[in-house]
Amino acid sequence: MQKMRRKHGLRSAIEDGISINEPLPVEKYSGQFKLRLPKSLHKRLAEESKSEGISMNQYCVYLLAKGCAYQN
């Protein structure tokens, strides 16, 4: 469904004469970014990752990937 909306959105943009940039190649991304979040969320993520026995980084990557998969 999301893919269909994306295609329709792109088609509409092209028909309206809106330029669309090509996505950057994967090599252009470092795989890192800084994220500021509330202390309460930091605490929750730290506690949940500890209870899962994985690093907070691994846990956040898991949650982000799970959210992206849900979107598609």
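A brief structural summary. Bear in mind the structure is a predicted one, so any value in this text is a computation, not a measurement.

### Quick notes on the overall build of the protein chain
Inference 1: The helix and strand inventory of the protein chain stands at three helices and zero strands.
Inference 2: Burial statistics for the protein chain: of 72 residues in total, 6% are counted as buried.
Inference 3: Within the structure as shown, the protein chain displays about 7200 Å² of accessible surface, and the carbon and sulfur contribution to it stands at 57%.

### Overview of the pattern of salt bridges
Inference 1: In total, this model carries two salt bridges according to the counting rule given.
Inference 2: K43 is paired through a salt bridge with E47; the nearest N and O atoms lie 3.1 Å apart. Taken together, the residues K43 and E47, both in helix 2 (residues 39-52) and four residues apart, mark about one turn of the helix.
Inference 3: Residues R44 and E48 are paired through a salt bridge, measuring 2.8 Å at the closest nitrogen-oxygen approach. Here E48 and R44 lie together in helix 2, a separation of four residues that amounts to about one turn.
Inference 4: The class for R44 is exposed, based on a relative accessible area of 52%.

Rules and cut-offs
- Residues numbered from 1 in each chain as written.
- Predicted model: local features only at pLDDT ≥ 70, side-chain atom pairs only at ≥ 80, totals over all residues.
- Heavy atoms only, no water.
- Helix = DSSP H or I, 4+ residues; strand = E, 2+ residues; numbered from the N terminus.
- Buried < 20%, exposed > 50% of the residue type's maximum accessible area, 1.4 Å probe, protein only.
- Areas by Shrake-Rupley, 256 points an atom, 1.4 Å probe, with all protein chains shown as cover.
- Salt bridge = Lys/Arg side-chain N within 4 Å of Asp/Glu carboxyl O.

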